[in-house]
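Residue strings, one per chain:
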Amino acid sequence: MNPTFKPRPPLAPQRGSSLAGKAYWAMVQRVALTAAAIDVGYIALFLWLGSQPLAAINVISIGMYLGAYRLIQKRYNVAGLLLIWLEVVGHSALGSLLIGWDSGFHYYLLMFIPAIVIANTRGYAAPMVLALLAYYLGLHALSSHLGPLDPLPARSVNIVNWVHICLVFAMSAALSAFYRRTILIAEARLRKQATLDPLTSLANRSHFEALSTNALARSQRDGAPVTLLLCDVDLFKRINDQYGHAVGDEVLVAMAKVLAANLREGDVLARWGGEEFLALMPASPLDAACATAERIRAAIEQTPLDVGQAPIALTMSFGVAQVHSAEDLQAAIARADKALYQSKNAGRNRVSVA
C-alpha cells in the first residue's frame, strides 16, 4: 500500500459530456461517414442504370454527410444532425419523384422513427413522428399523382428497390445494436450505483446484507463456521481536519485496497459507513479470521500513506466475532462492534475478539 495523493484539476464543463451523449454523437458521426461511403456506391449504380440526375444528387449528398461529420466533430451537434435530416428527407423525396415510389427511397424515412422516439427526451417524440407520417403520406400522394419524372425501366427500379431494402435492413440492425449496447451499459451503471460504494468500489451496506444472507445460508447447510471482521481507521477525523477531506478519501481508498488484497475471493467486503469496513468470512474459524485481521493491521501500520508532503502514519482497529448458528446477522455485527470499541478503548491499532 503506497498510493500517492495528487490534486486533480477540475474538469471543464462540456456540452453533452455524459457517456451516453458521447456515444450517441460518435454513432451519428459513424452513420454520416457510412452514408457518404454508400452514396459513392450509389453514384456508380445510377450511372450504370442511366440516371444522371440521381448520380448528381448523390454527389451533393456526399458533401452534406461529410459536412455533418465535420460539424459534429467541431461540436456543432444540432447543426450536423439537421444537415443529416435535410439530406435524408430531400434525397428520399427527389428519388421517389424522379424514378417512382416503387424504387424504395422512402424506406430511409422509416429509420427516423426509432431515432426520434429513443433519442428524444423533451416530449417532442409524438409530434415529430406525426409530422414524419404526414410528410411520408404526402410524398406518397405526390409521387402517385405525378408519376416518375425521370423514369427508369421496371427492372432497374426493382434493382434500386432491393438495394434499398438490403441497406435499410443492415443499417436498422446496426442502430438496434447500438441502442441495445447503450441500454446494457446504462443498466450496468445503475446496478453499480445501487450496489457499490462510489468512493471505494466495495459493496455498500444493502448489497453486503444481500450477499451475506446467501453466504450464511450456504455455510449453515455445510456446517462451516462464519466470522465477521469489523474495522475502523484510527483517528480518521484528525486526518480529515489536518490534511483535508480529499486526503481522507485517499486514505479510505487505500484501506479498501489493503483489505481486499488480504481477504479471500469468497469473503464479502463492504464499506460499512464513514471510515468503517465490514467483512464476512465464510468457512473461516475464529482463529484464522484473527490471524487475517492481524496481518492486515500490521501491513497498514508498516506502510505510511504518501500524500506528497510527509507520509501519514496510519493504523486500524479491529473487532472480530464468530456468527453463531442460530444468531441473527445484525446481532453478530453488534458483537463485532463491541469488540471494535474494546480495541479503541485499549489504545487502538489492535485486534479484539467478541
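All of these numbers come straight from a predicted model, not from anything done at the bench. (Residues numbered from 1 in each chain as written. Predicted model: local features only at pLDDT ≥ 70, side-chain atom pairs only at ≥ 80, totals over all residues. Heavy atoms only, no water.)

### Details of the nonpolar core
Put simply, the rule is: Only buried residues count toward a nonpolar core. Its members are Ala, Val, Leu, Ile, Met, Phe, Trp, Tyr and Cys residues joined through side-chain atoms within 4.5 Å. A simple rule labels every residue: compare its accessible area, found with a 1.4 Å probe on the protein chains alone, to the largest value its type can have, and call it buried under 20%, exposed over 50%, or partly exposed in between. Helix and strand definitions here come from DSSP, where helices need a minimum of 4 consecutive H or I residues and strands a minimum of 2 consecutive E residues; each element is numbered from the N-terminal end. Note on contacts: a residue pair is in contact if any heavy atoms of the two residues lie within 4.5 Å.
Phe46 and Ile99 are the most contacted members of the largest nonpolar core, which has 44 residues in total. Those elements that provide at least two residues to this core are α1 (19–49), α2 (52–73), α3 (77–99), α4 (107–110), α5 (112–119), α6 (125–146) and α7 (154–195). Of the residues forming this core, the biggest block, 12 residues, is contributed by α1. In this view, Ile99 contacts Phe46, Leu54, Phe105, Pro148, Asp150, Leu152, Val157 and Val160; residues no more than four positions away in its chain are not counted. By size, the runner-up hydrophobic cluster in this structure holds 31 residues, among which are Leu202, Leu259, Met281 and Cys290.

### Structural notes on α3
To keep it simple, the criterion reads: To estimate how far a helix should extend, the number of its residues minus one is multiplied by 1.5 Å.
For α3, with 23 residues, the first-to-last C-alpha span of 33 Å sits near the 33 Å given by 1.5 Å per residue. Gly100 occupies a position one or two residues after α3 and carries a positive phi of about 105°.

### Some details on the side chain of Glu327
The condition that has to hold: Identification of polar contacts relies on pairs of N or O atoms within 3.5 Å, with a donor-acceptor requirement for protein atoms, meaning one able to donate a hydrogen and the other able to accept it, and with residues adjacent in sequence counted only if both atoms are side-chain atoms.
Note on placement: Glu327 falls in the loop between β4 (316–323) and α12 (329–345). In this structure the side chain of Glu327 is engaged in a polar contact, spanning 3.0 Å, whose partner is the backbone nitrogen of His324. Polar contacts involving the side chain of Glu327 include one to the side chain of Arg335, which spans 2.8 Å. When near neighbours in sequence (up to four residues on either side) are disregarded, Glu327 contacts Gln322, Ala332 and Arg335.

### Side note on the packing of α2 against α3
Each pair of packed helices can be described by the angle between their axes along with the distance between the axes. Here is the rule we go by: Whenever a helix is involved, its axis is fitted only over the stretch in contact; in every case the axis is a line through C-alpha atoms, and angles between N-to-C directions fall within 0 to 180 degrees. Roughly parallel means an angle under 35 degrees; roughly antiparallel means over 145; roughly perpendicular covers 65 to 115; every other angle is labelled oblique.
Where α2 meets α3, the axes come as close as 8 Å, and the angle between the chain directions of the two elements is 170°. One element, α2, and the other, α3, form an angle in the roughly antiparallel class.

### A short note on the environment of Ile99
For Ile99, the location among the structural elements is in helix α3. Sequence separation of Ile99 and Ser143 is 44 residues, and the distance between their C-alpha atoms is 9.2 Å.

### Structural notes on the confidence of the model for the protein chain
Going by this rule: pLDDT expresses how confident the predictor is about each individual residue, on a scale running from 0 to 100.
Confidence along the protein chain averages 88 in pLDDT terms, with 92% of residues attaining 70 or more. Note on residues 1–17: pLDDT is under 50 here. Beyond four places in sequence and across chains, it has 28 contacts.

### As for helix α8 (residues 205–222)
Worth spelling out the cut-off: To be clear, the arc concerns the directions from the helix axis to the C-beta atoms.
Along its 18 residues, α8 runs 25 Å from first to last C-alpha, staying within 8% of the 26 Å computed at 1.5 Å per residue. Among the residues making up α8, those that are buried are Phe208, Ser212, Ala215, Leu216 and Ser219. Along the axis of α8, the buried residues cluster in a sector spanning 110°; they form a single face. Where α8 is buried, its residues contact β1 (226–233), β2 (268–273), β3 (276–282), β4 and α12. Positive phi appears at Gly223, one or two residues downstream of α8, with a value of about 75°.

### Re the pattern of salt bridges
In plain terms, the rule: Whenever Lys or Arg places a side-chain nitrogen within 4 Å of a carboxyl oxygen from Asp or Glu, that contact is recorded as a salt bridge.
One pass over the structure, following the stated rule, counts eight salt bridges. The shortest N-O distance in the salt bridge between Arg264 and Asp267 comes to 2.7 Å. Residue classification places Arg264 among the partly exposed positions, given a relative accessible area of 41%. The buried category is assigned to Asp267, whose relative accessible area is 10%. Across the pair Glu301 and Arg297 runs a salt bridge, and its minimum N-O distance is 3.0 Å. Remark: Arg297 and Glu301 occur in helix α11 (residues 286–302); sequence separation between them is four residues, near one turn of the helix.

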